[in-house]
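Take a look at the letters that make up each chain.
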Amino acid sequence: MPKISIKGQQMPESPIRKLVPYSEIAKKKGHKVYHLNIGQPDIKTPEVALNAVKNADIKVLEYSHSAGFESYRNKLSAYYKSHGLPIDTADIIITTGGSEALLFAMGSTMDAGDEIIIPEPFYANYNGFSTASGVTVVPVISTIDEGFALPPIAAFEKLITPKTKAILICNPGNPTGYLYSQEEIMQLAEIVKKHDLFLIADEVYREFIYDENEKHFSVMNVPGLEEHAIMIDSVSKRYSMCGARIGCIVSKNKALMATAMKFAQARLSPPTYAQIASEAALETPQSYFDDVIAEYKDRRDTLIAELQKIEGVKVATPKGAFYCIAQLPVKNADDFAQWLLESYDNNGETVMVAPAAGFYSTPGVGLNEVRIAYVLKKEDLIRSVAILKEALKVYNA
């Protein structure tokens, strides 16, 4: 039998999706499953985006430009500028989701065997993207006790080697919800300039900031960082359009963007209908975002308050995105998460969480943690935590 590639064998499973077969079995038993495991918002997609697809008068479904529709990139540039980000049309390449933008970023800046430093826990697919690119993740651990704040710059400096090519952050963070301060971004900017590295910032949750005294600070706003900064963005969360699979890679570095363009040409073009929807979504009124942010803030506050009532549970309050990491009184959250679906129900209901070990690359870290996405309505979040509380009593009995 032909052998599977070593790269394929090393490709990690998604901690978010690997338990899906167990949730399907639970549902076949007639159990209701509350999905706290995946960042799929229940917020309605803006009508203006959906209508643009319904009303599109297309006779031939053609390729688009490899960089995406020029009209979309022009409007996207205007959108960014209206939010204080100095991004021109030439600084943008439209991608098939933020995932492809990250793959383009890694492919354009790193060779096989090169290293990328990432504060962990981090979005689990960073492990997959790195494996696919032949890149080694070098983690610098942030902790729940520190609220997942940026580790000291000295911790980064110790990890930099001749093979280090970039630092990657998610701001606000998935899975922690941590929001980097302007001071922290400036510290990272100084270290990448000092060591001539790229700073890749996954900013797909930029709009999801919940406290009035907090503000998102983009790597695109740092003076003198133009040749180092790479921003990753997506329509998935902003407009509740995860299925559109439209994102972008953004940078002022012309050599970087010319290189990313070659990757874009190799995959031909981003999908046409999804670009139509994404371009139209830029017309979404501010009232939509005001309502969405108010709803998520309410959900965050509800979830954290309920989790804090459970004995033995530790949780850091997220400042952005719509996730939190919770430390549970269990030894192995993978086993517990599977048990919840396979062997437990509370009046015919159970919950699905994402074991957090998959959000780390350091072996043995995060084994008793889970990521919870607060993308369900308040009543469902309250019920989910109630189920979790009772489940922990049974599991630990």
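Treat the numbers as computed from the prediction; the structure is a model and nothing was measured.

Visitor: If you had to explain the sheet that holds strand E3 (residues 115-120) to someone new, which residues and values would you point to?
Guide: Taken in spatial order, the seven strands make up an open sheet running E2-E8-E7-E6-E5-E3-E4, and their pairing is mixed. The open sheet terminates on both sides in strands that have one partner only, identified here as strand E2 (92-95) and strand E4 (136-141). On average, each strand axis in the sheet is inclined to that of its neighbour by 25°, with strand direction left out of account. In this fold helix H8 (residues 182-195) packs onto strand E5 (164-170) and strand E6 (198-202), with an angle of close to 170° to the strand it touches most, E5.

Visitor: Account for the pattern of salt bridges, with residues named and values stated.
Guide: For the structure on display, the rule yields 26 salt bridges. Residue Asp211 pairs with Arg300 through a salt bridge whose shortest N-O separation is 3.1 Å. Placement of Asp211 in the loop between E6 and strand E7 (229-234) and of Arg300 in helix H11 (residues 286-307) is noted, with a sequence separation of 89 residues between them. With a relative accessible area of 4%, Arg300 lands in the buried category. Overlapping salt bridges, with partners in common, bring together Glu203, Arg206, Glu207, Asp233 and Arg238 in one network.

Visitor: I'd love a proper account of unusual backbone geometry, names of residues and values included.
Guide: Glycine aside, negative phi is the norm for most residues, and most peptide bonds take the trans geometry. For the bond running from Glu120 to Pro121, omega is 5°, close enough to zero to count as cis. On the secondary structure map, Pro121 appears in the loop between E3 and helix H6 (125-133). In this structure, the amide linkage connecting Asn174 to the following residue, Pro175, adopts the cis form with an omega of 25°. Within the secondary structure layout, Pro175 lies in the loop between E5 and H8. The backbone of Ser240 shows a phi angle near 50°, a positive value even though the residue is not glycine.

Visitor: Please set out the sheet that holds strand E13 (residues 369-373) residue by residue, giving values where relevant.
Guide: A sheet is described by the order of its strands in space; here four strands give the open sequence E9-E10-E13-E12, paired in antiparallel fashion. Each edge of the sheet is formed by a strand with only one pairing partner; in this case those strands are strand E9 (314-315) and strand E12 (354-355). Sheet analysis places E12 next to E13, joined by two bridges and oriented antiparallel. Bridged to Ala354 within E13 is Arg371. Each of E9, strand E10 (323-327) and E13 touches H11; the most contacted strand, E10, lies at about 5° to it.

Visitor: Tell me what's going on with the packing of helix H2 (residues 20-28) against helix H12 (residues 333-342), and back it up with residues and numbers.
Guide: Where H2 contacts H12, the two axes come as close as 8 Å, and the packing angle between them is 25°. When the axes of H2 and H12 are compared, the pair comes out roughly parallel. Seen from H2, the contacting residues are Tyr22, Ser23 and Ala26; seen from H12, they are Gln338, Leu341 and Glu342. Along the lines of polarity and charge, the residues of the contact of H2 with H12 split into three nonpolar, two polar and one charged.

Visitor: How would you summarise the nonpolar core if you had to cite specific residues and measurements?
Guide: Membership of the largest hydrophobic core comes to 136 residues, with the highest contact counts inside it found for Tyr80, Ile116, Ile167, Ile200, Ile249 and Leu307. Per-element tally for this core: the top contributor is H11, with eight residues. Those residues in contact with Ile167 that lie beyond four places of it in its chain are Ile117, Phe156, Leu188, Ile191, Val192, Leu197, Phe198, Leu199 and Ile200.

Visitor: Please provide a residue-by-residue account of the packing of aromatic side chains, values included.
Guide: Counting across every chain of the model gives 19 aromatic pairs. With centroids separated by 5.4 Å and ring planes inclined at 90°, the aromatic side chains of Tyr205 and Phe322 adopt a geometry described as edge-to-face. Of this pair, Tyr205 sits in the loop between E6 and E7 while Phe322 sits in the loop between E9 and E10; the two residues are 117 residues apart in sequence, bridging distant segments of the chain. Taking 5.5 Å as the distance between ring centres and 85° as the angle between the ring planes, the aromatic pair formed by Tyr205 and Tyr323 counts as edge-to-face. You can see Tyr205 sitting in the loop between E6 and E7 and its partner Tyr323 sitting in strand E10, a full 118 residues away along the chain. Accessibility classification places Tyr205 together with Tyr323 in one group, the buried group. One aromatic cluster in this structure is built from Tyr205, Phe208, Tyr296, Phe322 and Tyr323.

Rules behind the numbers
- Residues numbered from 1 in each chain as written.
- Predicted model: local features only at pLDDT ≥ 70, side-chain atom pairs only at ≥ 80, totals over all residues.
- Heavy atoms only, no water.
- Pairing = 2+ DSSP bridges.
- Helix = DSSP H or I, 4+ residues; strand = E, 2+ residues; numbered from the N terminus.
- Axes fitted to C-alpha atoms, helices over the stretch in contact; angles between N-to-C directions.
- Contact = heavy atoms within 4.5 Å.
- Salt bridge = Lys/Arg side-chain N within 4 Å of Asp/Glu carboxyl O.
- Buried < 20%, exposed > 50% of the residue type's maximum accessible area, 1.4 Å probe, protein only.
- Parallel < 35°, antiparallel > 145°, perpendicular 65-115°, else oblique.
- Nonpolar A, V, L, I, M, F, W, Y, C, P; charged D, E, K, R; others polar.
- Core = buried A, V, L, I, M, F, W, Y, C linked by side-chain atoms within 4.5 Å.
- Phe/Tyr/Trp six-rings, centres within 6.5 Å; stacked < 30°, edge-to-face > 60°.

Interpretation in functional terms is not warranted from these geometric data alone.
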